[in-house]
Structure formats: C-alpha cells, structure tokens
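Okay, here's what each chain looks like letter by letter:
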Amino acid sequence: MKKVILSGLILFGFFSSDSVRAQSQSNRGYIPYWYADQKTTTHLDIVNRSATPERVRVVGLVEGTHRRLLEEIVLQPKELRRIPLTPEQFPGRLPSSRLPRWGTGDRHGSVWGSLVIHGNSEVLGAWVVMNNPSESVSTTSMMSDRGRGASELVAHWFRPTSSTTAIFAVQNVSDQATILSASILNGHDSPSVAIGLLERGETQLVTLADLAGNHRNVLAKSGAIRFTSSVPGALAGRATMVDARRGFSTPLMMHAPKQSIGTSLQSPGVPFRAPDPDSGFRPGTFFRPQLMVTNQSNSRHSFQLSLQADFQEGESPSYETLPVDGSGQEFEMRRISDWDKRTVRRLSLDPGETRVLDIVKLTSGWQVFSEHVAVRLDAKTAPPGTFVTDLVTTDETLWYSMFDPMFDTGIETPRHLAVSLDLSNNKRGQLYFNNASDELGGADVRIWFESAPGEWHSYQATVDLAKQEFRMLDITQLRNDQIPDSLGNLLPLDMTKCFAESRSSPHVVSADPSIDLEHGTCWSCDDTSTPDHCIQLEELVLLPLVSSDTMVWPNIHDYRGTDSCGNTVTWTIFSEPGDVIPRVVKFPRIREMCSQTGIHCFRDPSRSALFCL
C-alpha cells in the first residue's frame, strides 16, 4: 500500500470561517429504516458540519407509522452525537410474531422503524448503524433530505443463499400522502402491484416474498424491483439483504435513474482476492466482488466494464471480450492495448435484464497483484440512467460482506462526508479514494474528533493521486502509529469514533468502510458522496467594490457570489496582472463568465477556488 502524504489545508470557502453558511433548502431529513433486537445494537449518528450551532429534533416512527419524539438537542459546530435506538423506547409498539427472521420485527423483542429529523439537512449528516456481532450481521441506513425524493426508485436484490431475506424500506418524504406501487423487472415490467397508501413520513416495509406471487424468478439469486409513487418526488428508500444463520448482510441503495446526469459509474475500490496476511482478516479469507447491473430502460443497450488493478511487471494489459456465438454468453479474449491499470469487457443487456458479474471470474488466468480492484462502467451510447448498479463484496464463507457504492463520474467536485467512523476494539476505519480520470487528482481531508467534552478538533491530510490510482487512508493506523499531520496534530490513542470531511478533485470518488475484523461486520457511508449542487452562480460581486464598472485585477483576489441555492459564498481568483473584468457579473454559470471575459478560468474543488489564468 502506497503512503499517503499528510499536509496542512488551505481551503477557501469550504472550511473558511469567513464564508457565509448556506441557507437551508430543506428543514427535514428522512432515514427510511432501522432495526433493533436483543442481539442487535442500533444507534443514530448525527453530525453538524457547519460553523454555527444547529437545533435538531429526532422523531421515531415504529413500524413506520407510530410516532415518538426521541431527542431534541442543539448540536455544537462540528459535533458528532450518538443516539441509541432500542425496543424499550417504544413501549406501545405492535407485538412480534416470535419468528426468528432478522430485520422485519418478527423476532421476539425486536422492532423496526424509520426516522424524521427536523433540522437543516444542508449542514447535517446522519445515518443509522445496526450491528449484531454475535451473528456477524450489520447494515446501515442513510439520511435523505426532503428535496431529494424521487418519483421512481429501482432496487436490486442479491441472495447468495436460499435463506437470504430481501427487505425493502420505502418512505414518503413528501408533504402529502402517496400511493406506493411495485413491479419486478424481469426482461420487462411485471404487472404493477399496489403496496398501499403512505402518509407523510410513513415507511412501508416490503420483503421479496411479499411480491413473489406467481413470479418464481423473484427467488433467483438477483434481480431488480421498481417502486413508483403517485406523487412526484415522494420516495426515499433502503434495501437490506440478510441471512443471520450464515452471517451474511449487506445494505443496498435504491436508485433514482431519472435523476442521473452521466453515463459513467465508478467505484472507489473494493477488497479483492486474498488480503495481506498482516491485515487482520481471518486466515484463508478470499474476497469475491459481485457487480449487479440492471438495464432499467425499454431498449437493449451495451456498456463497457473496466477494472483497475496492478498487473505483472508493472504492465496493465487490457482485453476486450468478443462473443463466440453472437449470444454474448461466451467470450474469447483478445489483447487490445496497454492502458493504465485497466482491463475491459463489453456487455449488452436486454430491457429489464439483470446480470451479476463475478469480478474474480472476469480476471481468471490473469496475473493480478492487487488487494483492491476498482470497477468502472461506461455506457456512452445509452441515455443517462439506463443502468443501475450495486457492488457487493463477500468472502467465500460469507463471513465478511461489504457494500461498495458506484458514483457518477460525470458529476464534478464531489464532496464526501463520513458521518462516523468506528475505531473501537478491533475495528478499522478507512477512507478509500480513487482517481477515475487520466489527470492528476487528490482530496483534502479533515478528520474531526472530540479532544475533550464539547471540544472538537481536526486532523488534516492530503491524498495525492496519479491518474487511475487508488489509495486508502487508514485512520486506525494513523491513530495507532501516532503519525502527525503537517501541523503536528495527533489522533488521540483513546479515540474510538470520529467523522471525516473531504473535498476532492473532479472524478475522484471515495468511500469509508468501518470493518470489524473479528466478527465480520462492515458498514459504510455509501451514498453521502454528493456533488456541490449549488454551483450555478447568479451574481458575482468582486471585492473590493469600486465605483467604476470595471476593475483591474492583481494576481490574486477575492470575489463574493450568490449561487443558485441562494447561498452567499466567498471565492479566491488568480489572474494575470492587468486583466480587466466587470465589477458585477450576472451570468448563469461560472464558465460563461470566463468565456465572456476571455480569461481562462477553472474551479479547483479541493480548495473551493476559481482559478483564472
């Protein structure tokens, strides 16, 4: 594993106390699912990313409907608060049926529910962690804000064993009741099944067996379901696959394909084949990443699958696979080039078709020396949102099971929040970074920890990435080895939890698994890596203000702008001396300002700065 360079951060706007805090676009956040029983401990982690205190009210909905106020708190700047969720908090809940099934409230003493978080979701990060080390089961549920609901959600199921339960939690995040329906994608949509009426904030829990009916294919290893709402933008959801008898569990995302803007999906990186013997995994562990791809459109489309890995003798031979008989089911190999750390496969899927691709089988016979592999899907000939993907990594015994997100590399300036990283006992907290481009990239990271009651301090790191490079920042190792950052800060040896913020270059994607090496449980903030969705600038006002309509820039200067979300932000601009630009610029996008002035500008997301050269 290559070393990570640690340095100080010089951030304009993102971490600057001079920047003006964004105004809230949504005052409610939703977590569609949580579960607790006598073996499963569950807690809500919620963090305030802003520089000002935030008032938060947490409402629990047991069985998706029965409301109870759980907590009303004020979060101080950069504070991480942990709130337990237990069956005892809901004494009036419905009785269980005493079945042994995990996750659905059937077990004796178990309960499931959802959450509504009243607060500024633009600056709050929240998720629920469910951990059951005795059965090697764990899963997570992320917060979605009211402004990010979808009219349609597509969810995969993945059942490596016949006893795996597929659980789908769908929550109404709109302000009015909606009718929830579902259909199975099996080459075409099956007849739509009405699930029921969801009131505001209500969650419906659906298992795969509930939708089976006459569709025997839902008991297959994998497939996809489409959930639809009668109200636009009403749905948020979470899927969970679990077999407590085998110790298998993984969360899966629910995708809103129509909201996708790109045709390229990239994973940050997943464990691959045999890990390093000193990494702490059980002897004999062998990881098999499984990529699920569904064509949710009404037409046949193809995609190119690329794998980043380290190959023999420093070479990166790339292959394409050609169908032997034209069916696309059997392939022969042909070397096509020496790309950087890539292998290639081209595949086509019929409408509604789901394919599970075993990454180990794809690389059978190849000399791959990586402990991690990154997966990329390119579908440039298909409309955006055609393919939905999920990536699950298990070892061959199903003791370890991990979910790994794939992100849209067409979205620039990703911002990632790891809501919490667990470093207690024998757990490892890690941050993955992958540069999906052919240019240099990187990420600036701040790890926030509580140094004393109510006092939060940060540890600063910079991850530099070559083209097509993967790196891991092991926070547990930074703590245990007492490695200082460039400012001399250390992570306390008794630190057991923290959260991390990063801002990275375009096309750098990231993830943050916490892994319990002994009990085989893993959880990750999978869908919190989001773009800056307020990048459109309505008006730019250069500083200092002058009476004339134009001003001459020095080499470096600041300007203040109002973005499309109504936020006032401060930027830093670099230019050549003597460049002339209007004092007040009203253009819909940054690049239009650059083209109008004739100055070459670009935005550096790692510093929240606009560079003009």
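Counting restarts for each chain: residues are numbered from 1 in the order of the written sequence. Residue-level local features of this predicted model are given only where pLDDT is at least 70; pairs of side-chain atoms are given and counted only at 80 or more, and the full residue set underlies all totals for whole chains, interfaces and linings. Computation of side-chain values covers all heavy atoms of the structure but excludes hydrogens and water.

(A) Spotlight on the sheet that holds strand 18 (residues 254–255). At least two DSSP bridges between two strands are required for those strands to pair. By definition, any uninterrupted DSSP run of H or I lasting at least four residues is a helix, any uninterrupted run of E lasting at least two residues is a strand, and each is numbered from the N terminus. The strand order across the open sheet built from five strands is 13-12-15-10-18, with neighbouring strands paired in antiparallel fashion. Each edge of the open sheet carries a strand with a single partner, namely strand 13 (193–198) and strand 18.

(B) View of the packing of aromatic side chains. Note on aromatic contacts: the rings of Phe and Tyr and the six-membered ring of Trp form a pair at centre separations within 6.5 Å, being stacked when their planes are under 30 degrees apart, edge-to-face when over 60 apart, and tilted otherwise. Using the criterion set out here, one finds eleven aromatic pairs in the structure. Aromatic pair Phe303 and Phe387: ring centres 5.1 Å apart, planes at 70°, arrangement edge-to-face. Of this pair, Phe303 sits in strand 22 (residues 301–308) while Phe387 sits in strand 28 (residues 387–395); the two residues are 84 residues apart in sequence, bridging distant segments of the chain. For every residue, the accessible area (1.4 Å probe, protein chains only) is compared with the maximum for its type, and the residue is labelled buried under 20%, exposed over 50%, or partly exposed between those bounds. Phe303 gets classed as buried once you look at its relative accessible area, which sits at 3%. Judged by centre distance (6.3 Å) and plane angle (50°), the ring pair of Trp456 and Phe499 falls under tilted. With Trp456 in strand 34 (residues 455–465) and Phe499 in strand 36 (residues 497–504), this residue pair connects regions lying 43 residues apart in the sequence. Residues Trp456 and Phe499 agree in their burial class; the two are buried.

(C) Quick look at the nonpolar core. The term nonpolar core refers to a set of buried residues drawn from Ala, Val, Leu, Ile, Met, Phe, Trp, Tyr and Cys, joined through side-chain atoms within 4.5 Å. Membership of the largest hydrophobic core comes to 33 residues, with the highest contact counts inside it found for Tyr33, Leu44 and Leu115. Elements with a minimum of two residues in this core: strand 1 (28–36), strand 2 (41–48), strand 3 (54–62), strand 4 (66–75), strand 5 (80–85), strand 6 (111–118), strand 7 (124–132) and strand 11 (165–172). For this core, the element with the highest residue contribution is strand 1, accounting for five residues.

(D) Expanded view of unusual backbone geometry. Positioned with a positive phi, Lys78 is a non-glycine residue whose angle comes to about 60°. With phi around 50°, Asn425 is a residue other than glycine that occupies positive phi space. Turning to its location among the elements, Asn425 is positioned in the loop between strand 31 (414–422) and strand 32 (427–435).

(E) Region of the structure containing the sheet that holds strand 9 (residues 144–145). Judged by pairing direction, the sheet is antiparallel, and its five strands sit side by side in the order 4-3-6-1-9 without closing on themselves. With one partner strand each, in any of the chains shown, strand 4 and strand 9 form the two edges of the open sheet. Across two bridges, the pairing between strand 1 and strand 9 is antiparallel. Its bridge partner being in strand 9, Tyr30 is matched across the sheet by Ser144.

(F) The arrangement of the pattern of salt bridges in detail. The salt bridge definition used is simple: a Lys or Arg side-chain nitrogen within 4 Å of an Asp or Glu carboxyl oxygen. Throughout the structure, instances matching the rule amount to 16 salt bridges. Residue Arg81 is joined to Glu79 by a salt bridge in which the shortest nitrogen-to-oxygen separation is 2.9 Å. By relative accessible area, Arg81 is classed as partly exposed at 26%. Put simply, Arg355 and Glu353 hold a salt bridge, and the shortest N to O gap is 3.6 Å. Taken together, the shared-partner salt bridges in this structure form one network comprising Asp37, Arg107 and Glu135.

(G) The environment of Thr228, seen in detail. Here Thr228 lies in strand 15 (residues 222–229). Separated by 78 residues in sequence, Thr228 and Ala150 have C-alpha atoms that sit 8.6 Å apart. By definition in these notes, contact holds between two residues if any of their heavy atoms fall within 4.5 Å. Those residues in contact with Thr228, other than ones at most four positions away along the chain, are Ser151, Glu152, Ile179, Leu180, Ser181 and Leu235.

(H) Region of interest: the side chain of Ser229. Within the secondary structure layout, Ser229 lies in strand 15. Assessed through its relative accessible area of 15%, Ser229 is described here as buried. Separated by 2.6 Å, the side chains of Ser229 and Thr178 make a polar contact. Pairing of N or O atoms within 3.5 Å defines a polar contact, subject to two protein rules: one partner must be a possible hydrogen donor and the other a possible acceptor, and residues neighboring in sequence count only if both atoms are side-chain atoms. At 2.8 Å, the side chain of Ser229 and the backbone oxygen of Val231 are in polar contact.

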